[in-house]
Structure formats: C-alpha cells, structure tokens
Amino acid sequence: MTEQIFPTKGNLIKARKDLALSRLGYELMDRKRNILVRELMQLVDAAKEIRVSIEQTYVEAYSALQEANISLGVIEKFAQAVPVETSLKVEYRSVMGVEIPTVMIEENIPPAPFGFYDTDVHLDKAYILFIKVKQMTAHLAEVENSIYRLAHAIKKTQKRANALKNILIPKFEGISKYITDSLEEKEREEFSRLKVIKRQKNLKSQIVKNGEK
C-alpha cells in the first residue's frame, strides 16, 4: 500500500486528514452503537415483562371463555358481534437514525357489543380479558419489532466500526508514518548534503587563502 504513495507533504496532509476523519467516524460509530445497545437492553427487559403478563392474561382469558361456553353453550354468535379492530395505527420515531415503530391502539375497553340479557359474567370477563390481550399483543409487537430493528442496526454499526478500527485507521496510520519517515530521511540526507557542500566550500576558501599567501 505504502509503496504506491509518493512521500510528499501534500500526501502527508491528506493522509493525516483521512486518519482524523476515520478516528472521528469510529468515535461516532462507537457512540451510536452504545446508545443503540442501551436502547435495546431496555426493550429486551420490557419484552420479558410483557411476555409474562400476556401469558398470564391469555390463561385467564381462555379460562373465562371456557366457563362462558359451559354456562352459555357455544358463544360463536356473540363472538361474531365483536367488531373488527380499526384503531390500530403505527408511527415511527428515530433513534440514532434507526426507525423505531410506535404502535397505537385504543386503550379504553369499548362497551360490549352484545346485550346482557342472554349473557353472563363469564362472557363479560372473557371479553374484557381478550381486549387486554389484544392491547398487550400490539405493544409486544412494537417492542419485538423495535428489538429486531435495533439488533440489525447494531450489527451494521459494529461492522462499520470494526472496519474503521481494524482497516482504515491502521492504513492511514501506516501511510502517515511511511510519508513522515520518508520526508525525515530526505531532510537528513539534504542536511548531510548541505554540510558536505559547506565543508567543501570552506575547504576551497581555505586553499585559496593559503595560495594567496
């Protein structure tokens, strides 16, 4: 690599500039990675909590549904009365350039879409619990998708940081050292050459002076 670089001051300035930019880029990549990792760890903890809660809510919801089926018979006609969810919306926020989804869903429990005359408390409980399951599922989808996006971004950032640290920075350090050493060697050679020329001039001057005497 260095054999193809001419050891000039212009190339040295360029190599040092590239080195400074590479080091700055590595610092920024390292900072970005740390921020993304911190954000990821927070979401991983949140996902664990949501999974535990949603599993428990599912158990309670299916238990209530079974009790409703036992007390009311097959409740398919009541289930068909439940409207399709239309409140779900997805927006995005940026974390160090990574688009993280924000899933929004109606948090309030809507009135039951069936009358109370032909139903009982078991069906009401199942309806409420499955509404909660739906809300928690939306939130879990938000968190897990965010984890996936952050993990992918961290992998890319780590790859770029490694390239800067292990390839570009050593490359420009090597070029800078090669040019610096070459220029210093030239300066030493030039200094030695000038000393020889000066010594020869002094010697000639001394010979001339002795001849005049």
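The structure under discussion appears in the preceding block.
Summarised in this report is the structure supplied together with it. (Residues numbered from 1 in each chain as written. Predicted model: local features only at pLDDT ≥ 70, side-chain atom pairs only at ≥ 80, totals over all residues. Heavy atoms only, no water.)

1. Brief notes about the layout of surface pockets
Stage number 1. Of the volumes computed, that of the largest pocket is approximately 260 Å³.
Stage number 2. If you trace the largest pocket, you find 15 residues lining it, with Ala79, Val82, Ala126, Tyr127 and Phe130 closest to the centre.
Stage number 3. Looking at the lining of the largest pocket, the elements with two or more residues in it are α2 (76–79) and α3 (121–212).
Stage number 4. Looking at the lining of the largest pocket residue by residue, the class counts come to 12 nonpolar, no polar and three charged.
Stage number 5. Lining the second largest pocket we find 15 residues, and of these Pro83, Glu85, Pro110, Ile131 and Lys134 sit closest to its centre.
Stage number 6. Looking at the lining of the second largest pocket residue by residue, the classes come out as eight nonpolar, four polar and three charged. (1 Å grid on protein atoms, 1.4 Å probe; cavity = no way out; pocket = protein on both sides within 12 Å on 5 of 7 lines; lining within 4 Å. Points joined across faces, edges and corners; volume = space filled by probe spheres on them. Helix = DSSP H or I, 4+ residues; strand = E, 2+ residues; numbered from the N terminus. Nonpolar A, V, L, I, M, F, W, Y, C, P; charged D, E, K, R; others polar.)

2. Re the packing of aromatic side chains
Between two aromatic rings, the relevant description is the distance of the centres plus the angle of the planes.
Stage number 1. Following the criterion strictly, the structure yields two aromatic pairs and no others.
Stage number 2. Taking the centre distance of 5.3 Å and the plane angle of 90° together, the rings of Tyr62 and Phe130 count as edge-to-face. A residue pair is termed long-range when its members are at least 10 positions apart, and Tyr62 in helix α1 (residues 9–72) and Phe130 in helix α3 qualify at 68 residues. (Phe/Tyr/Trp six-rings, centres within 6.5 Å; stacked < 30°, edge-to-face > 60°.)

3. Looking at the pattern of salt bridges
Stage number 1. Inspection of every chain in the model, using the stated rule, returns seven salt bridges.
Stage number 2. When the shortest N-O distance is used, the salt bridge between Arg93 and Glu39 registers 3.1 Å. Of this pair, Arg93 sits in strand β1 (residues 89–95) while Glu39 sits in helix α1, and the two are 54 residues apart along the sequence.
Stage number 3. Residue Glu39 is classed as buried on the basis of its relative accessible area of 17%. (Salt bridge = Lys/Arg side-chain N within 4 Å of Asp/Glu carboxyl O. Buried < 20%, exposed > 50% of the residue type's maximum accessible area, 1.4 Å probe, protein only.)

4. Comments concerning the side chain of Lys32
Stage number 1. Residue placement: Lys32 occurs in helix α1.
Stage number 2. Within the buried set, Lys32 has no salt-bridge partner at all; the shortest N-O distance to an opposite charge, 10 Å, is to Glu99.
Stage number 3. In this structure the side chain of Lys32 is engaged in a polar contact, spanning 3.5 Å, whose partner is the backbone oxygen of Met96.
Stage number 4. When residues no more than four places from it in sequence are discounted, the contact partners of Lys32 are Met96 and Thr157. (Lys, Arg positive; Asp, Glu negative; His and termini not counted. Polar contact = N/O pair within 3.5 Å; in protein donor to acceptor, adjacent residues only side chain to side chain. Contact = heavy atoms within 4.5 Å.)

5. Some thoughts on α1
Stage number 1. The end-to-end C-alpha distance of α1, which contains 64 residues, comes to 90 Å, matching closely the 94 Å that a straight helix rising 1.5 Å per residue would cover.
Stage number 2. Positioned one or two residues after α1, Gly73 has a phi angle of 85°, which is positive. (Expected span 1.5 Å × (residues − 1).)

6. Some points on the environment of Asn69
Stage number 1. Locating Asn69 in the fold gives a position in helix α1.
Stage number 2. Among the residues examined, Asn69 registers a relative accessible area of 30% and is labelled partly exposed.
Stage number 3. Linking Asn69 and Leu123, residues 54 residues apart in sequence, is a C-alpha distance of 8.2 Å.
Stage number 4. When sequence neighbours within four positions are dropped, the list of residues in contact with Asn69 reads Val74 and Ile75.

7. A word on the nonpolar core
Stage number 1. Counting residues in hydrophobic clusters, the biggest one holds 14 residues, and the most contacted among them are Leu36, Val98, Val143, Ile147 and Leu150.
Stage number 2. Among the elements that make up this core, the one with the highest residue count is α3 (six residues).
Stage number 3. Setting aside its immediate chain neighbours within four residues, Leu150 contacts Leu36, Glu39, Leu40, Leu43, Val98 and Ile100. (Core = buried A, V, L, I, M, F, W, Y, C linked by side-chain atoms within 4.5 Å.)

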